[in-house]
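If you want the building blocks of each chain, they are given just below.
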Amino acid sequence: MRSGLLLILATSFLGCNGNRGSEAVAQAVNTEKNSFYDPQAVSVRKQETKAKVVTMYELPAPLTDRPEQILHRRGYTTSYNSKSKNPNWVAWHLTKSHTYGHHQRKNEVFSEDSDVKAPRATNNDYYNSRYDRGHMCPAGDNKWDAEAMAQSFLFTNICPQNHGLNKYEWNDLEIQCREWAQEYGAIDIVCGPIYGTSGEQKTIGRNRVWVPQAFFKVILCRQGSPKAIGFVYRNEGVKQSRAEAIRSVDEIERLTGIDFFPALDDKTETKIEAEAKLAAW
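Since the model is a prediction, treat every value here as computed from it, not as a measurement.

Brief notes about the overall build of the chain
Part 1 of the reasoning: When its secondary structure is counted, the chain shows eight helices and 15 strands.
Part 2 of the reasoning: Classification of the 281 residues of the chain by burial places 53% in the buried group.
Part 3 of the reasoning: For the chain, long-range pairs separated by at least 24 residues make up 71% of all intrachain contacts whose partners lie at least 6 apart in sequence.
Part 4 of the reasoning: Surface accessibility of the chain: about 12700 Å² in total, with carbon and sulfur atoms responsible for 48%.

Shown next as structure tokens:
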């Protein structure tokens, strides 16, 4: 897209699409007819750290079609949506060193995020809902730091997720991402929910937390010859092969209305976001 501008990132609550309800998952995931992608001017996001400026390649472009509150955490950044009570997206830079650590999830508890206004997701919303509290940025990517591990259990990093998907395909993809980070030294990851565009939106709990129809994950490797790949999994407990879940980043941009990896130069972004080759990984 267009790079070279400096974005001063501000917390904002902008207009949303209206009610995006349920529809056939296959239509939402496998077609582009109901996409709401609106191209935006894209800026490079940068963060000052000590004496140098680090480009945060993992961060998507700002959203203008739905509520967005940006929250920077120790191990990830999340774009929170006050209407869905879920993140729009969660992004993080996963290094090889971050795939190791002795901080385990066994002592952590899921917690409300006091940085967002009520009504917000709570443990009670998930009670008897038949949905798992599904991590977007996984606890397994945050073993390197106690604060990072604790923050991965905030509900602004969580979505209602089918238990079978959470336990199998989604978990397998998380493990694969850690293996790629170990192989290449570092990767950039963004993931989040996908909803339908018609009908009544399914929710859980008193706070009406939206239930996604699917989940996306896009991965960028900037080591050597840059490459990117995406995946979409239906929020169901049926077996879903990884090969069938593969999408190009361009496809997922059209499904979600999110512009990924805007900090890349235009030529590189155009090339790698059109491809989806698992064999290249």
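Don't stop here, the text continues.
With respect to the pairing of strand β10 (residues 186-194)
Part 1 of the reasoning: Counting buried positions along β10 gives nine out of nine residues, so the element sits mostly inside the fold.
Part 2 of the reasoning: Sheet topology note: the strand β7 (residues 86-95)/β10 ladder contains six bridges and is antiparallel. When the bridges of β10 are listed, Thr 95 appears paired with Ala 186.
Part 3 of the reasoning: Pairing between β10 and strand β13 (residues 214-221): seven bridges, direction antiparallel. Paired with Gly 192 across the strands is Phe 216, a residue of β13.

Quick notes on the nonpolar core
Part 1 of the reasoning: If you look at the biggest cluster of nonpolar residues, it comprises 27 residues, and the most contacted ones within it are Trp 92, Trp 180, Ile 187, Ile 219, Phe 231 and Trp 281.
Part 2 of the reasoning: When residues of this core are traced back to their parent elements, those giving at least two are β7, α5 (169-184), β10, β13 and β14 (227-234).
Part 3 of the reasoning: If you tally residues by element for this core, the top one is α5, at six residues.
Part 4 of the reasoning: In contact with Ile 187, other than residues within four places in its own chain, are Trp 92, His 93, Leu 94, Cys 177, Trp 180, Ala 181, Ile 219, Leu 220, Cys 221 and Trp 281.
Part 5 of the reasoning: Within the second largest apolar cluster, 22 residues are counted, among which are Leu 220, Ala 228, Leu 264 and Ile 272.

Topic: α5
Part 1 of the reasoning: Spanning 16 residues, α5 covers 22 Å between terminal C-alpha atoms, matching the ideal 22 Å at 1.5 Å per step.
Part 2 of the reasoning: Within the sequence span of α5, burial applies to Glu 169, Trp 170, Leu 173, Glu 174, Gln 176, Cys 177, Arg 178, Trp 180, Ala 181 and Tyr 184.
Part 3 of the reasoning: Where α5 terminates, the next one or two residues include Gly 185, which has phi positive at roughly 95°.

Things to note about the pattern of salt bridges
Part 1 of the reasoning: A complete count under the given rule lists nine salt bridges for this structure.
Part 2 of the reasoning: Note that Asp 65 is salt-bridged to Arg 66, the shortest N-O span being 2.7 Å.
Part 3 of the reasoning: Residue Arg 66 is classed as buried on the basis of its relative accessible area, which comes to 4%.
Part 4 of the reasoning: With a shortest N-O distance of 2.7 Å, Asp 141 and Arg 178 are connected by a salt bridge. One end of the pair, Asp 141, is in the loop between β8 (132-135) and α3 (146-151); the other, Arg 178, is in helix α5, with 37 residues separating them in the sequence.
Part 5 of the reasoning: Among the residues examined, Arg 178 registers a relative accessible area of 14% and is labelled buried.
Part 6 of the reasoning: Through salt bridges with shared partners, a single ionic network connects Arg 73, Asp 113 and Asp 115.

Details of the packing of aromatic side chains
Part 1 of the reasoning: This structure, assessed with the given rule, holds nine aromatic pairs.
Part 2 of the reasoning: Geometrically, the ring pair formed by Trp 170 and Phe 215 is tilted, given 5.6 Å between the ring centres and 50° between the ring planes. Of this pair, Trp 170 sits in helix α5 while Phe 215 sits in strand β13, and the two are 45 residues apart along the sequence. By the burial criterion, Trp 170 is buried, and Phe 215 matches it.
Part 3 of the reasoning: A network of ring pairs unites the aromatic residues Phe 110, Tyr 126, Phe 153 and Phe 155 as a single cluster.
Part 4 of the reasoning: Against the face of Trp 170 rests Lys 217, its NZ or CZ located 4.7 Å from the ring centre.

Some remarks on the side chain of Glu 68
Part 1 of the reasoning: With respect to the secondary-structure elements, Glu 68 resides in strand β5 (residues 67-72).
Part 2 of the reasoning: What makes Glu 68 buried here is its relative accessible area of 3%.
Part 3 of the reasoning: Only 3.4 Å separates the side chain of Glu 68 from the side chain of Trp 89, close enough to count as a polar contact.

What about the environment of Phe 260?
Part 1 of the reasoning: Assignment of secondary structure puts Phe 260 in the loop between α7 (249-256) and α8 (266-273).
Part 2 of the reasoning: For the pair Phe 260 and Ile 189, spaced 71 residues apart in sequence, the C-alpha separation works out to 9.8 Å.
Part 3 of the reasoning: Contact partners of Phe 260, with chain neighbours within four places excluded, come to Pro 60, Val 190, Phe 216, Val 218, Val 249, Ile 252, Glu 253, Glu 269 and Glu 273.

Rules used in this analysis
- Residues numbered from 1 in each chain as written.
- Predicted model: local features only at pLDDT ≥ 70, side-chain atom pairs only at ≥ 80, totals over all residues.
- Heavy atoms only, no water.
- Helix = DSSP H or I, 4+ residues; strand = E, 2+ residues; numbered from the N terminus.
- Buried < 20%, exposed > 50% of the residue type's maximum accessible area, 1.4 Å probe, protein only.
- Contact = heavy atoms within 4.5 Å.
- Areas by Shrake-Rupley, 256 points an atom, 1.4 Å probe, with all protein chains shown as cover.
- Pairing = 2+ DSSP bridges.
- Core = buried A, V, L, I, M, F, W, Y, C linked by side-chain atoms within 4.5 Å.
- Expected span 1.5 Å × (residues − 1).
- Salt bridge = Lys/Arg side-chain N within 4 Å of Asp/Glu carboxyl O.
- Phe/Tyr/Trp six-rings, centres within 6.5 Å; stacked < 30°, edge-to-face > 60°.
- Lys NZ or Arg CZ within 6 Å of the ring centre and 35° of its normal.
- Polar contact = N/O pair within 3.5 Å; in protein donor to acceptor, adjacent residues only side chain to side chain.

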